Amino acid sequence: MYLDYHAVLVFLITGAFMVCTPLVLGMLFRPKNPYKEKNLPYECAEDPIGDAQIRFDMRFYTTALIFVVFDAEIVLMFPWARVFQSAPSKGVALVAGLVFTTIVFFGLIYDWAKGDLDWVKSFQNKRRVQD
Amino acid sequence: MSLAVLTFADDPIFYLAANLAKIVVFTHIVLILSALSVLAERKVSAWMQDRLGPNRVGPGGILQPAADALKFFFKEDIVPGHVDKVLYILAPAIALMPALIVLAVIPYGPPLTVLGETIPMVIADLDIGILFVFAISSLGVYGIVLAGWASNSKYPMLGGVRASAQMISYEVMLGLSVVGIFMSTESLRLTDVITSQVDGTWFMFSQPIAFIIFVIAAFAETNRLPFDLPEAETELVAGYHTEYSSMKFAMFFIGEYTAMFVFSALVAVLFLGGWDIPFMSNADFEALGNWGTLLGFLSFFVKCLAFLFFYIWVRWTIPRFRFDQLMNLGWKVLMPIALVNVVLTGVVLGWLGS
Amino acid sequence: MEQLLFFLMAGGMVAATLATIFARNPVYSAIFMILSFAATAGLFVMLDAYLIAVVEVLVYAGAIMVLFLFVIMLINLRSDELEGLKVNPLMVIAAGTFLGLMSKAVSDLGPAVQSRANDLEGTPALVAETLFTEYAVPFEAVSLLLLAAILGTVVLARRSQDA
């Protein structure tokens, strides 16, 4: 069992090697002649205006937070699934899992009801915030 | 697995040699298949649009991937002046590595017997197999978000941000959809999932809801049409890899196709019975010995290729989603359905068991 | 071999954590933190705690750090903006207290799991069984914690949107 992880480690090293070799090897052959226009950000031949590392929209942050919570939930669901059938009472096991997921899902439902899951905020929603 | 499996303690040199051989062979098979699937993509799309497709290099264009690879080697590798150098160079490698590492836990066929030793046809048969897959593939998002950020250019930035939001959202559905499978297999090990399907029914039939959700999520995770918003060429030029050229661009490209192969393999393992052939049982495979291994191996790759074809087929059939539609589909439709599926599985299993 | 691997992992972890603190660019800090989590996962594997190792990668490296990256990019502080950041005495006190508590907790644990020899295999089945028998109530309580986290998000996001 433990040795299987050695295999993963070996695989990781081999993988890194396989990824790096073409990158490094190619450097020997490639031409290199940069000039000013080539070094500009690609914006379909328009001169770029302003910085590109803009601030993210708030919605991405909300999505990421909900994701973290559900990721944690799923991690706990897999061990539960693993022992579900060997539980002395499957009914109790099911209820235990259900209570857990339902509570977490209340969060999703709350977000949903409050409109935080709407990617395009509707006009109505905006009005509600302004009021 | 009833057979005694070769371990390090039995014969260290043989064990190491076998493992290294497996790693080299499997990664090369997959990388060559990814390269060929690029060609297949162009050929199939050409057929679907009544064109010829690439047909100049080699007979029927079969050497096109090799020509592409050579070109990637000899083209100038532009590192624009406005980028964050270190992350810009690292991002392609970060994007490709997770897809490659996941290959370590995919079972390619039934165990092989060499010189009286049993060698499992999987590089690392972990008992947390599926969680390993999710853990490593969840790291794939960094390559894309960092490529977008390090490029310091508007299109890559938008593509990277979109891609990360899309990938993390669908990762949840991916995980939740397969919980039902592991409730019935009672093991998180991928080989156990297959052996339970070889003797029983494929999960495609016993877990149809999970199958549909998993397939949709797989398309979203690999940024393929109809969910290719991160690189939507009509609006974002090429998304997160707009500023990349030469071998670095190739890394993203190979990464995408390797990820496609990984998800095809996962669909095959989780839902299509892995190396199973209809009407064959585990005992049949064992009785056939190494021929059984070969048959299983072929059957597995046929399933993978069929799903890769499905990927391409869908690409030329379904138009792109809008980003809000994508998010709504994920959080408001697939998420509740996946949960209902888990509950249904629980109820059915409890009812059958008692 | 075992020793060498341990020192590689532990050394990598410490180095990555130090780099997290000293990196000038917050995005690089985040990357180093991911590395540190990966090395920690390696250490867990060496302790036979496979499930914890995979959770470390899945939840910490794969999910929480995505959130961190988002936050860094959301705020998008330039390094020159960070220059002006003064060290607040409160920060020192908070950090000191935390350090004290942690060292107390660690020393109270005593010589913990020292080797893989005590056959405490952290297989999913074993962890799950303890989780759903002995620790069933705390397990359910975790869901409340997660719920609180979601509600907190919404409230925070809402407030900053109003402002």
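Residues numbered from 1 in each chain as written. Chains lettered and ligands numbered in written order. Predicted model: local features only at pLDDT ≥ 70, side-chain atom pairs only at ≥ 80, totals over all residues.

Notes on the overall build of chain B
The cut-off we apply is this: Runs of E in the DSSP output that reach at least two residues are strands. Runs of H or I that reach at least four are helices, and both are numbered from the N terminus. Two things to know: the radius of gyration comes from C-alpha atoms, and the globule rule equals 2.2 Å times the number of residues to the power 0.38. Residue pairs qualify as contacts under a 7 Å threshold applied to their C-beta atoms, which are placed from the backbone.
For chain B, the count of helices and strands is 15 helices and 2 strands. For 354 residues, the compact-globule formula gives about 20 Å, and the C-alpha radius of gyration of chain B, at 21 Å, lands near that figure. The principal-axis extents of the C-alpha atoms in chain B amount to approximately 60 × 45 × 45 Å. For chain B, contacts bridging at least 24 residues in sequence account for 78% of all contacts bridging at least 6.

Regarding the overall build of chain C
What counts, and what does not: Exposure classes come from backbone-placed C-beta atoms, where a residue is buried if 20 or more other C-beta atoms lie within 10 Å of its own, exposed if 12 or fewer do, and partly exposed in between.
Counting its secondary structure elements, chain C contains 7 helices and 0 strands. Element order for chain C, N to C, with α for helix and β for strand: α-α-α-α-α-α-α. Looking at chain C residue by residue over its 163 residues, the buried ones come to 26%. In chain C, the proportion of contacts linking residues at least 24 apart, taken out of those at least 6 apart, comes to 56%.

Side note on the interface of chain A and chain B
Accessible area lost upon the coming together of the parts is a frequently used measure of interface size. Here is the rule: Under the scheme applied here, ten amino acids are nonpolar (Ala, Val, Leu, Ile, Met, Phe, Trp, Tyr, Cys and Pro), four are charged (Asp, Glu, Lys and Arg), and all others, including Gly, are polar.
Tallying the contact residues gives 60 residues for chain A and 64 residues for chain B. Listed by contribution, the elements that provide at least two residues to the side of chain A that touches chain B are α1 (2-27), α2 (58-83) and α3 (90-114) of chain A. Considered class by class, the residues forming the side of chain A that touches chain B number 40 nonpolar, 12 polar and 8 charged.

Some points on the nonpolar core
Put simply, the rule reads: In these notes, a nonpolar core means any group of buried Ala, Val, Leu, Ile, Met, Phe, Trp, Tyr and Cys residues linked to one another through C-beta atoms within 7 Å. Note: domain ranges come from an automatic or database domain assignment.
Judged by nonpolar contacts, the single largest core of 177 residues is most densely connected at Phe214(B) and Val54(C). Per-element tally for this core: the top contributor is helix α12 (residues 246-270) of chain B, with 18 residues. In this structure, this core is formed jointly by two domains, domain 1 (1-83) and domain 2 (123-163) of chain C, each of which donates at least three residues. When residues no more than four places from it in sequence are discounted, the contact partners of Phe214(B) are Leu174(B), Ser177(B), Val178(B), Val267(B), Leu270(B) and Phe271(B).

Points about helix α1 (residues 12-48) of chain B
Residue and element names in this part refer to chain B. Heads up, the rule is: Multiplying one less than the number of residues by 1.5 Å gives the expected span of a helix.
Taking 1.5 Å as the rise per residue, α1 with 37 residues should run 54 Å; its terminal C-alpha atoms sit 52 Å apart, in good agreement. Of all the positions in α1, only Asn19, Lys22, Ile23, Val30, Ser34, Ser37, Leu39 and Lys43 are classed as buried. In the stretch just after α1, aspartate 50 is the one whose phi turns positive, near 60°.

Quick word on the pairing of strand β2 (residues 117-121) of chain B
Residue and element names in this part refer to chain B. Filter applied, for reference: Following DSSP output, two strands are said to pair if at least two bridges run between them.
Of the pairings in the sheet, the one linking strand β1 (residues 109-114) to β2 comprises 4 bridges and is antiparallel in character. Bridge pairing links valine 114 to glutamate 117 in β2. Once β1 ends, the chain turns through 2 residues before running back antiparallel as β2, passing leucine 115 with a positive phi of about 50°.

Considering the interface of chain C and chain A
Contacts between the two partners involve 39 residues from chain C and, on the opposite side, 36 residues from chain A. Elements represented by at least two residues in the side of chain C that touches chain A include exactly α3 (50-75), α6 (124-133) and α7 (136-162) of chain C. The element contributing the most residues to the side of chain C that touches chain A is α7(C), with 16 residues. Here the residues of the side of chain C that touches chain A are counted per class, giving 29 nonpolar, 5 polar and 5 charged.

Let's talk about helix α5 (residues 89-109) of chain C
Between its first and last C-alpha atoms α5(C) spans 30 Å; for 21 residues at 1.5 Å apiece the expected length is 30 Å, and the two agree. When you tally the buried positions in α5(C), you get 0 out of 21 residues, a small fraction of the element.

Points about the packing of α2(A) against helix α6 (residues 154-177) of chain B
To keep it simple, the criterion reads: Note on definitions: angles span 0 to 180 degrees between N-to-C directions of axes, and those axes are lines fitted to C-alpha atoms, for helices only across the stretch in contact. Throughout, the term roughly parallel applies to angles under 35 degrees, roughly antiparallel to angles over 145, roughly perpendicular to angles from 65 to 115, and oblique to all others. Crossings are classed by handedness, with left-handed meaning an anticlockwise turn of the near helix from the far one by less than a right angle and right-handed meaning a clockwise turn.
The contact between α2(A) and α6(B) brings their axes to 10 Å, and the two run at 25°. With respect to α6(B), the element α2(A) is oriented roughly parallel. Considering only the axes of α2(A) and α6(B), their crossing is left-handed. Listed contacts from α6(B) to Phe60(A), Thr63(A), Ala64(A), Phe67(A), Phe70(A), Asp71(A) and Ile74(A) of α2(A) are Val161(B), Ala165(B), Ile168(B), Ser169(B), Val172(B), Gly175(B) and Leu176(B). In terms of residue class, the contact of α2(A) with α6(B) is built from 10 nonpolar, 3 polar and 1 charged.

Some remarks on unusual backbone geometry
Residue and element names in this part refer to chain B. At glutamate 186, a position not held by glycine, the phi torsion is positive, near 60°. Following the sequence through the fold, glutamate 186 ends up in the loop between α7 (179-185) and α8 (190-199). The residue asparagine 223 is not glycine, and still its phi comes out positive at about 55°. Looking at the element boundaries, asparagine 223 is found in the loop between α10 (208-221) and α11 (233-236).

A word on the packing of α2(A) against α6(C)
At their nearest, the axes of α2(A) and α6(C) sit 8 Å apart, and the two run at 95° to each other. Taken together, the axis directions place α2(A) and α6(C) in an arrangement best described as roughly perpendicular. Two secondary-structure elements touch here, α2(A) through Phe78(A), Pro79(A), Trp80(A), Arg82(A) and Val83(A) and α6(C) through Pro124(C), Ala125(C), Val127(C), Ala128(C), Glu129(C), Leu131(C) and Phe132(C). Of the residues contributing to the contact of α2(A) with α6(C), the split by class is 10 nonpolar, no polar and 2 charged.

Examining the environment of Leu23(A)
With respect to the helices and strands, the residue Leu23(A) is situated in helix α1. A sequence separation of 76 residues divides Leu23(A) from Val99(A), and the C-alpha atoms of the two residues are 51 Å apart.

Quick look at the confidence of the model for chain C
Rules: Confidence scores here are pLDDT values: one per residue, from the predictor, ranging 0 to 100.
Chain-level pLDDT for chain C is 79 on average; 80% of the residues reach the 70-or-more range. Predicted complex, confidence summary: ipTM 0.80, pTM 0.85.

Observations concerning the environment of Ala150(B)
Residue and element names in this part refer to chain B. Turning to its location among the elements, alanine 150 is positioned in helix α5 (residues 140-151). The class of alanine 150 is buried, set by 24 C-beta atoms lying within 10 Å. Residues alanine 150 and glutamate 243 lie 93 residues apart in sequence; the distance between their C-alpha atoms is 9.7 Å. Among residues more than four places away in sequence, those in contact with alanine 150 are Val83, Asp84, Leu87, Tyr88 and Ala91.

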